[in-house]
Amino acid sequence: MIISLVGYMGSGKSHISKILSEKINFKLIDLDKEISRRNKLTIPEIFEKKGEIYFRKLERETLEELLATEENLVLSLGGGTPVYYNNMEIVNLNSKSVFLRASIQTLSERISKQKEKRPIIANISDENLPEFIAKHLFERNEFYSKAQFNIITDSREPEDIVNEIIEKLYL
């Protein structure tokens, strides 16, 4: 089984995937970290040197390969991954997908502290961040909502979220 976590940046995918993988004894792969490792560049460096289109192509290739070759895996996807190509359909065909949903306020609070690691919001002021997130979520929710399971993460302990994922997947 492969469990794919989807959601906007700051929704908790990396943190929850780490706890979940340890709890159920599955391998953990963060898609962005895997792309960085394979290309020996950070995601911001790939965006800067090669552009977003190149990055999305790498993302798609890496996603397809992992879904085709891995077992007993928790896969944490980048926030934009479900939006491009038919990535969400491929994720649903080859894994159990879980959308980690968080409010605009929660996302703003979480990601405002991590701007240097997130090229898509690096130049957005804190006061404009909620509006940016709201617009992005409006565009992306259509894709995130295709996930097989939907879990709200606002004001919840990570352990409770992990337990809910395990219950929903009957693990």
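Because the structure is a prediction, the values reported are computed rather than measured. By convention here, each chain's residues receive numbers from 1 onward along its written sequence. The predicted nature of this model means local features are confined to residues of pLDDT at least 70 and side-chain atom pairs, given and counted, to a pLDDT of 80 or more, with totals for whole chains, interfaces and linings taken over all residues. Side-chain calculation: all heavy atoms of the structure are included, whereas hydrogens and water are not.

A.B. asks: For the pairing of strand β4 (residues 96-101), give the residues involved together with the corresponding values.
C.D. replies: Here strand β1 (residues 2-6) runs beside β4; their pairing, made up of four bridges, is parallel. Looking at the pairing, Val 6 lines up with Phe 99 of β4. Following DSSP output, two strands are said to pair if at least two bridges run between them. The helix and strand labels rest on DSSP assignments: H or I over at least four residues marks a helix, E over at least two residues marks a strand, and numbering proceeds from the N terminus. Across four bridges, the pairing between β4 and strand β5 (residues 149-152) is parallel. Bridging across to β5, Arg 101 finds its partner in Ile 152.

A.B. asks: Requested: an account of the packing of helix α4 (residues 52-69) against helix α5 (residues 87-94), with residues and values cited.
C.D. replies: α5 packs onto α4 with a crossing angle of 10 degrees between their chain directions and a minimal axis gap of 10 Å. Classified by the angle between their axes, α4 and α5 sit roughly parallel to one another. Along its contact with α4, which presents Glu 59, Arg 60, Leu 63, Glu 64 and Leu 67, the element α5 presents Asn 87, Ile 90, Val 91 and Asn 94. Among the residues making up the contact of α4 with α5, the classes are represented as four nonpolar, two polar and three charged. A fitted line through C-alpha atoms represents every axis, and for helices the fit uses only the stretch in contact; the resulting angles, taken between N-to-C directions, go from 0 to 180 degrees. To sort the angles, those under 35 degrees are grouped as roughly parallel, those over 145 as roughly antiparallel, those from 65 to 115 as roughly perpendicular, and the leftovers as oblique. Residue contacts are defined here by distance: any two heavy atoms, one from each residue, within 4.5 Å place the two residues in contact. Under the convention adopted here, Pro, Cys and the residues Ala, Val, Leu, Ile, Met, Phe, Trp and Tyr are nonpolar, Asp, Glu, Lys and Arg are charged, and Gly plus all remaining residues are polar.

A.B. asks: Please set out the sheet that holds β1 residue by residue, giving values where relevant.
C.D. replies: Here five strands make up an open sheet; going across it, the order is β2-β3-β1-β4-β5 and the pairing parallel. The open sheet has two edge strands, β2 (27-30) and β5, and neither has a second partner. When the angles between neighbouring strand axes are averaged without regard to direction, this sheet yields 20 degrees. The strands touched by helix α1 (residues 13-24) are β1, β2, β3 (73-76) and β4; relative to β3, the strand with the most contacts, the crossing angle is about 175 degrees.

A.B. asks: Which residues make up helix α6 (residues 104-111), and what values do they have?
C.D. replies: Residues Thr 106, Leu 107, Ser 108 and Ile 111 constitute the buried set of α6. Residues of α6 that are buried make contact with α7 (129-144). The buried label goes to any residue with under 20% of its type's maximum accessible area, the exposed label to any with over 50%, and the partly exposed label to all in between, with areas taken from a 1.4 Å probe on protein chains only.

A.B. asks: Give me the lowdown on the nonpolar core, citing residues and values where you can.
C.D. replies: A general tendency of soluble globular proteins is for nonpolar side chains to be buried together. Membership of the largest hydrophobic core comes to 32 residues, with the highest contact counts inside it found for Tyr 8 and Leu 75. When residues of this core are traced back to their parent elements, those giving at least two are β1, α2 (31-39), α3 (43-50), α4, β3, α5, α6 and α7. When residues of this core are assigned to their parent elements, the largest contribution, five residues, is made by α4. Other than its neighbours up to four places away in sequence, Tyr 8 contacts Lys 13, Leu 107, Ile 111, Phe 132, Ile 133, His 136, Leu 137, Arg 140 and Tyr 144. With 16 residues, the next largest nonpolar core counts Ile 24, Leu 100, Ile 166 and Leu 169 among its residues. As used here, the term nonpolar core means buried Ala, Val, Leu, Ile, Met, Phe, Trp, Tyr and Cys residues forming a set that is joined through side-chain atoms within 4.5 Å.

Just distances and angles here, no functional claims.
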